[in-house]
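What follows is the residue order along each chain.
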Amino acid sequence: MLRLEKLPMELLILLVQRHGELVSRDDIAGCLWGKDVFLDVDHSINTAVRKIRVALRDDPEKPRFIETIVGKGYRFAATVTCNNGNPNPQVQPPPAPVLSELAVLSTQKRFFSIRLWVLLVVAAILAVGAGLWFRRTEYFWRDPIAAARFQTVTEFEGVEQAAAVSRDGQFVAFLSDRDGQMDVWVTQVGSGRFHNLTHGSQAELVNPSVRTLGFSPDGSQVTFWVRKKDASGEGDISIWAVPTLGGQPMPYLEGAAEFDWSHDGSQLAYHTAGPGDPLFVVDGDRQAKARPIFTAPAGIHAHFPSWSPDDRFIYFVQGALPDKLDIWRISPSGGNPERITSHSAQVSHPVFLDRHTLMYLVGDPEGTGAWIYSMDVERRIPHRLSSGLERYKSLAASADGRRLVVTLASPMNTLWRSQIADSPAQASAPARISLTTGRGFSPRLGPNFFLYVSATSTSESIWKLVDGAATELWNGQEAQVFGGPAVAPDGNHIAFSVRQRGQTFLYVMQADGANARVATDALDLQGVPAWAPDGQSVTSAANDHGVTHLFRVPIDGRPPTAFVQEYSVDPTWAPDGRFLVYSGADIGTSYPVKAVTADAAVYPLPALTLTRGARHLAFLRGGRELVFLRGDIRHKNLWSMDVGTGAERQLTYFPPDFDIRDFDISANSPEVVLERVQEHSEVVLVDLHRP
């Protein structure tokens, strides 16, 4: 009895209807999805063909039914016989469910009675319908944390993050600023005692884009990601280790950004911080040299490597940072990776409870945290386990899948004003801006006003603040305003990017909120939009066939056109329009700032490499100075660079606990508006009820 999901069944029907003919992959995509599809159809076609072969017990090496024509498409090779016994291909085929059943069974048994055929057809329809219903609803699926016991491990003031648990579930490690600076801490479960393992010896330990903490397979060492202070390039990142019971930190895996041991301890998977995060697998020797089994395309990252419980696959998170990511898997011997999830969001921290049950985090639209998700890796139907009121920052599991450790955060975004200082002695403390809307982010300065974005649980809105009075300019249900609003050079118009119901839109409206309209819905927009100096177009990055680069979007309704061809995001125009600066692709934790002229020729900007984090750029003093954020991933200050000489100077001197996520600066005055992120978090132990 044939049991297939909807998509494989539709593909089988298509191949049978054109039996004996080559059906190209383009024809398949057009028939099943339409001509204008923007999905990963190659992966979907491969999966559908594999499921058909499983259902038909068809050997791809010696196919009886589905032949693969390498580089071209597929052919249904078996004889198709209608119920009158005539193999004439001109005979009108029966309905799709009947055809699918007959196409398979008629090659084996040709002489059933009409009554038996009717019974089989009815049974097949019922079986396929029931199978589709069960697969769609996963009737037998159960929430793995429904009966779990949650226990708070830490109740410190300040920040705890990046929690990890030893394979036996007896020790928990985490990062904390309990002693003033960020350090690696450890506790034995149930002891109530906490030990600082690094005592301020490491300059930078925080990187939310990777799994920064772990344990050696025997639990005797706590491993941690470390980046040298103020360094850049691949060589500044390594994995270090410190004895779990205390001792001197030592290098563990030099040049690596993340790693994971196979469950049997015989193989080590790790990736470096080079372009595309090359993934390596070695046989137990941490010093062994090897060729990468996979390297992501330019501008794409591949983080969080995790072995499956049977060690057949390495699961990892791949995509564009920070929020265009999904989980993939690859064989330890290499090959083409297979996509497992389709969130295209801030996906992180995949772990396994057993060989079927995958758990991971998916960021919420506001970017303040993440929910816990779970899926059966064979059925691949995602289930959100947490309510969305929580904000999870990390997720780890013991080897037997009976114990989880998570960090639960309570972030707060506030807006502040500050003044540019020529020296630390002249620096004044930032002043908080009072908002009637509560939370605010992505501030932008205009002439005699400033804009910001506010969010509720169901919508985001753009507000305008003038002389302390706030006015709502735009509101969108189930919408996320990303990248921040952009004020036109004349101050009379505003552009902003919105993600709503799986699609992105570039809006333009007047500065008082009137006449809001969509300038384009034809691009998969990314990052910050920027007005061209003439006010007639908006420059924005968009994902174009897997590569993020800049486009010009005319505001008069004409179609967008490509501007910069290489990886480019977060543009900012010089006030005089002579050139535009933008951020290049991340490599490790740093990225270059580049520039082009108005006709896309390379502009000779002094060399500038910045650390991942807030990427917004702005101009000061009529365009002579470029303003940016410099420092650690977690803590930065505003700096400027003379675009002619390359001379740099520090503009702000914020205390270590003043974490900036975004900013804007007045072009001709010393005023700066800032978005500050303050976070309280704690480590929570989750003991799962397992039968």
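Rules used in this analysis
- Residues take numbers from 1 onward in each chain, read along the sequence in its written order.
- Only residues with pLDDT of at least 70 get local features here, since the model is predicted, and only at 80 or more are side-chain atom pairs given and counted; chain-wide, interface and lining totals rely on the full set of residues.
- To get the side-chain values, all heavy atoms of the structure are used, and hydrogens and water are removed first.
- A run of H or I in DSSP counts as a helix once it spans at least four residues, and a run of E counts as a strand once it spans at least two, with each numbered from the N terminus.
- The classification of residues rests on relative accessible area computed with a 1.4 Å probe and restricted to protein chains. Under 20% of the type maximum is buried, over 50% is exposed, and intermediate values are partly exposed.
- Any pair of residues with heavy atoms lying within 4.5 Å of one another is described as a contacting pair.
- Methods summary: accessible areas were calculated by the Shrake-Rupley approach with a probe of 1.4 Å, and residue burial reflects only the protein chains presented.
- Strand pairing requires that DSSP identify at least two bridges connecting the strands.
- Working rule for helices: expected span equals 1.5 Å times residues minus one.
- One side-chain nitrogen of Lys or Arg within 4 Å of one carboxyl oxygen of Asp or Glu is enough to make a salt bridge.
- To qualify as a nonpolar core, a set must consist of buried Ala, Val, Leu, Ile, Met, Phe, Trp, Tyr and Cys residues joined through side-chain atoms within 4.5 Å.
- Polar contact criterion, stated in full: a pair of N or O atoms within 3.5 Å, where within protein one must be able to donate a hydrogen and the other to accept it, and residues adjacent in sequence count only if both atoms are side-chain atoms.
- For every element, the axis is a line fit to its C-alpha atoms; helices are fit only across the contacting stretch, and the angle between N-to-C directions ranges from 0 to 180 degrees.
- Small angles under 35 degrees read as roughly parallel and large ones over 145 as roughly antiparallel, with 65 to 115 read as roughly perpendicular and the rest as oblique.
- When the near helix sits turned anticlockwise from the far one by under a right angle, the crossing is termed left-handed; a clockwise turn instead gives a right-handed crossing.
- All residues other than Ala, Val, Leu, Ile, Met, Phe, Trp, Tyr, Cys, Pro, Asp, Glu, Lys and Arg, Gly among them, are scored as polar; the first ten of these are nonpolar and the last four charged.

A.B. asks: Tell me about the overall build of the chain, and please be specific about residues and values.
C.D. replies: A tally of helices and strands in the chain yields five helices and 48 strands. Within the span of the chain, comprising 691 residues, buried residues form 54% of the whole. Across the chain, contacts joining residues at least 24 apart in sequence account for 44% of those joining residues at least 6 apart. Here the chain displays about 30,900 Å² of accessible surface, and carbon together with sulfur accounts for 51% of that area.

A.B. asks: Could you give me a rundown of the sheet that holds strand 8 (residues 195–196), with the residues and numbers involved?
C.D. replies: Spatially, the four strands line up as an open sheet ordered 5-6-7-8, and their pairing is antiparallel. Both outer strands of the open sheet, strand 5 (160–165) and strand 8, are each paired with one neighbouring strand and no more. Judged from the six bridges that link them, strand 6 (residues 171–176) and strand 7 (residues 183–188) form a sheet pairing that is antiparallel. Paired with Phe171 across the bridge in strand 7 is Gln188.

A.B. asks: Any chance you could break down the pairing of strand 37 (residues 547–554) for me, citing the residues and the numbers?
C.D. replies: Each regular strand displays side chains that alternate between the two surfaces of the sheet. Most of strand 37 is tucked away, with six of its eight residues classed as buried. Sheet topology note: the strand 36 (residues 537–544)/strand 37 ladder contains eight bridges and is antiparallel. Residue pairing in the sheet places Ser540 in a bridge with Phe551 of strand 37. Counting the residues that bridge the hairpin from strand 36 to strand 37 gives two residues, and of these His545 lies at a positive phi of roughly 55°. Taking the residues between adjacent antiparallel strands as the criterion, strand 37 and strand 38 (residues 561–562) are bridged by six residues, where Gly557 takes a positive phi near 100°.

A.B. asks: Quick one: what's the story with helix 1 (residues 6–17), residue by residue and with numbers?
C.D. replies: Three- or four-residue spacings in an α-helix give side chains the same orientation, since the helix completes a turn every 3.6 residues. Its twelve residues give helix 1 an end-to-end C-alpha distance of 16 Å, which sits within 8% of 16 Å, the value for a rise of 1.5 Å per residue. Every buried residue belonging to helix 1 is among Pro8, Met9, Leu11, Leu12, Ile13, Leu14, Leu15 and Val16, and all of these are buried.

A.B. asks: Hey, could you go over the sheet that holds strand 20 (residues 347–352) for me, with residue numbers and the actual values?
C.D. replies: Taken together, the four strands give an open sheet; going across it, the order is 20-21-22-23, and neighbouring strands pair in antiparallel fashion. Looking at which strands have only one partner, the edges of the open sheet turn out to be strand 20 and strand 23 (383–384). With seven bridges joining them, strand 21 (residues 357–363) and strand 22 (residues 370–376) adopt antiparallel strand pairing. What sits directly across from Tyr360, in strand 22, is Tyr373.

A.B. asks: Could you give me a rundown of the pattern of salt bridges, with the residues and numbers involved?
C.D. replies: As enumerated under the stated definition, the model contains 25 salt bridges in all. Taking the shortest distance from any N to any O, the salt bridge between Arg444 and Asp662 comes out at 3.2 Å. Here Asp662 lies in strand 47 (residues 660–665) and Arg444 lies in strand 27 (residues 441–446), a separation of 218 residues in the sequence. Ionic pairing is found between Glu625 and Arg649, a salt bridge with its closest N-O pair at 2.9 Å. Within this pair, whereas Glu625 is found in strand 44 (residues 625–631), its partner Arg649 is found in strand 46 (residues 648–650), the two being separated by 24 residues in sequence. Note on Arg649: relative accessible area 22%, which makes it partly exposed. Within the structure, one salt-bridge network assembled from shared partners comprises Arg50, Arg329, Glu338 and Arg380.

A.B. asks: Which residues make up the nonpolar core, and what values go with them?
C.D. replies: Within the largest apolar cluster, 19 residues are counted, with the highest numbers of intra-cluster contacts made by Leu11, Leu15, Ile28, Ile66, Tyr74 and Phe76. Within the residue set of this core, elements represented by two or more residues are helix 1, helix 2 (25–32), helix 3 (41–56) and strand 3 (73–76).

A.B. asks: Account for the environment of Ser342, with residues named and values stated.
C.D. replies: On the secondary structure map, Ser342 appears in the loop between strand 19 (338–339) and strand 20. With a relative accessible area of 66%, Ser342 lands in the exposed category. Separated by 15 residues in sequence, Ser342 and Ile327 have C-alpha atoms that sit 8.0 Å apart.

A.B. asks: Let's hear about the side chain of Glu675: which residues, and what values?
C.D. replies: Within the secondary structure, Glu675 is located in strand 48 (residues 671–687). By relative accessible area, Glu675 is classed as buried at 1%. A distance of 3.0 Å separates the side chain of Glu675 from the backbone nitrogen of Ser442, its partner in a polar contact.

A.B. asks: How would you explain the packing of helix 1 against helix 2 if you had to name every residue and give the values?
C.D. replies: One can describe the packing of helix 1 onto helix 2 by two numbers: an axis separation of 11 Å at closest approach and a directional angle of 120°. In terms of orientation, helix 1 and helix 2 fall into the oblique class. Read as a crossing pair, helix 1 and helix 2 show a hand that is right-handed. Listed contacts from helix 2 to Leu7, Glu10, Leu11 and Leu14 of helix 1 are Ile28, Cys31 and Leu32. The class makeup of the residues in the contact of helix 1 with helix 2 is six nonpolar, no polar and one charged.

A.B. asks: Please provide a residue-by-residue account of the side chain of Arg380, values included.
C.D. replies: Here Arg380 shows up in the loop between strand 22 and strand 23. Only 2.8 Å separates the side chain of Arg380 from the backbone oxygen of Val377, close enough to count as a polar contact.

A.B. asks: A description of the pairing of strand 18 (residues 324–330) should follow, citing residues and the corresponding values.
C.D. replies: Taken across its seven residues, strand 18 has seven buried, putting it largely inside the fold. Going residue by residue along strand 18, you find Lys324, Asp326, Trp328 and Ile330 tucked away on one face and Leu325, Ile327 and Arg329 tucked away on the opposite face as well. Examined bridge by bridge, strand 17 (residues 314–320) and strand 18 share seven bridges and lie antiparallel to one another. Note on strand 18: the bridge partner recorded for Ile314 is Ile330. Hairpin connection of strand 17 to strand 18: three residues between the antiparallel strands. Where strand 18 and strand 19 come together, two bridges link them in antiparallel fashion. Paired with Arg329 across the strands is Glu338, a residue of strand 19.

By themselves, these are just geometric observations and shouldn't be taken as functional.
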